[in-house]
Amino acid sequence: MIVAAADEQLQFVTQPAHAALAGQLADHWGGAVEAPAPRASAVHAAYAHDDGWLAYDQVPHRHDDGRVVDFRSVPDDVWVALYEEGVDAVASADAYAGLLGSMHGAGLRRRRYGLSPAWPDTPPAFEAYVAREQRRQARLADDLRGDGRLDDADLELLEVLHEAGRPPTNPDSRLWRNYQRLQAWDALSLFFCTSVTPDTTDLERVPTGPGAETTVRVERAPSGGERGGDGAYRFDPYPFDSAPLEVTVPVRTVGNDFDSEADLRRRYYGTARETKRFVLRPA
């Protein structure tokens, strides 16, 4: 569950709803940046990368000290089980999407394989999980090479990622660029979900082609006029294949004065679900 606080209220977005927003972004990715390929598998990974959270996020949870359980504060063992279950389901339907999903989950515990170098290295509680996922990635890669969906550059990439935790210099790997795109879709969706009124962010290292990257600047448009409003955002460069593009995410907003987990659950489902809309335009 993603929780954003404002004005003595909490806004809740489930992890699968956040992933569905990432999928909407993936549906239209192109424009001034490189589109994903194979597109169907990459978009599938975007929509499904948090499917393991579906049952857990049916209700909000509360820590013993009264804090609401946010996606960043889920107990370690629960987090591991959720991600493993989710990748199991995706990989059974589409091995390439499952490989990207596995790289996403393990990458969150390995500095996003070099995309977030300031993050801490693999915490001890996640070492066994990362090792299992990297073995899974190797198995999936063998199958995908056999049907031609991975090439030698992709296999070399995985070997270096597993050994060094970061890609080789200037990797000529389509798999790596798809992983970068999944990180961009995830980060942009989180930007919209982790704040009640998101303002500005930069999507770094967005691939524009083999060996080429850019930073996409995202800014809330000023209020007023047909190009402004609370849900209007400007992108430079513009990474979508149509403009304007409208995307949505369902939210529930609950007062923060609940006195127990049971009270929180009653209020959560006693509040109507609303749809937040974002209109995306070129700068």
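Up top is the structure these notes are about.
Summarised in this report is the structure supplied together with it. As the structure is a computational prediction, the values presented were derived from the model and not from experiment.

So, how was this worked out
Residues numbered from 1 in each chain as written. Predicted model: local features only at pLDDT ≥ 70, side-chain atom pairs only at ≥ 80, totals over all residues. Heavy atoms only, no water. Salt bridge = Lys/Arg side-chain N within 4 Å of Asp/Glu carboxyl O. Helix = DSSP H or I, 4+ residues; strand = E, 2+ residues; numbered from the N terminus. Buried < 20%, exposed > 50% of the residue type's maximum accessible area, 1.4 Å probe, protein only. Phe/Tyr/Trp six-rings, centres within 6.5 Å; stacked < 30°, edge-to-face > 60°. Lys NZ or Arg CZ within 6 Å of the ring centre and 35° of its normal. Contact = heavy atoms within 4.5 Å. Pairing = 2+ DSSP bridges. Axes fitted to C-alpha atoms, helices over the stretch in contact; angles between N-to-C directions. Expected span 1.5 Å × (residues − 1). Polar contact = N/O pair within 3.5 Å; in protein donor to acceptor, adjacent residues only side chain to side chain.

A closer look at the pattern of salt bridges
Okay, step 1: Under the counting rule described, the total for this entry stands at 19 salt bridges.
Okay, step 2: Residue glutamate 34 pairs with arginine 177 through a salt bridge whose shortest N-O separation is 2.8 Å. One end of the pair, glutamate 34, is in the loop between helix 1 (15-27) and helix 2 (39-48); the other, arginine 177, is in helix 7 (residues 174-193), with 143 residues separating them in the sequence.
Okay, step 3: The class of glutamate 34 is buried, set by a relative accessible area of 18%.

Details of the packing of aromatic side chains
Okay, step 1: Scanning all chains against the criterion turns up 19 aromatic pairs.
Okay, step 2: In this structure, arginine 109 is placed above the aromatic ring of phenylalanine 126, and the distance from its NZ or CZ to the ring centre is 3.7 Å.
Okay, step 3: The ring of tyrosine 268 carries arginine 252 above its face, with NZ or CZ at 5.2 Å from the centroid.

Some thoughts on the environment of alanine 212
Okay, step 1: In this fold, alanine 212 is placed in strand 4 (residues 212-220).
Okay, step 2: In this structure the C-alpha to C-alpha distance between alanine 212 and asparagine 170, which are 42 residues apart in sequence, comes to 8.7 Å.
Okay, step 3: If we skip the residues at most four places from it in the chain, alanine 212 touches Val206 and Pro207.

Considering the sheet that holds strand 7 (residues 274-282)
Okay, step 1: In spatial order, the strands read 1-2-6-7-5-4-3; together these 7 strands make up an open sheet with mixed pairing. Edge strands, defined here as strands with exactly one partner in the open sheet, are strand 1 (2-6) and strand 3 (200-209). Each strand axis lies, on average, 35° off the axis of its neighbour in the sheet, ignoring direction.
Okay, step 2: Bridge count for strand 3 against strand 4 is 7 bridges, and the pairing is antiparallel.

Quick word on helix 1
Okay, step 1: A rise of 1.5 Å per residue sets the reference length of helix 1, with its 13 residues, at 18 Å; its end C-alpha atoms lie 18 Å apart and thus fit the reference within 8%.
Okay, step 2: Taken together, the buried positions of helix 1 are occupied by Gln15, Pro16, Ala17, His18, Ala19, Leu21, Ala22, Gly23, Gln24, Leu25 and Ala26.
Okay, step 3: Here helix 1 starts with a cap whose side-chain oxygen sits 3.1 Å from the backbone nitrogen of alanine 17, and that cap is threonine 14.

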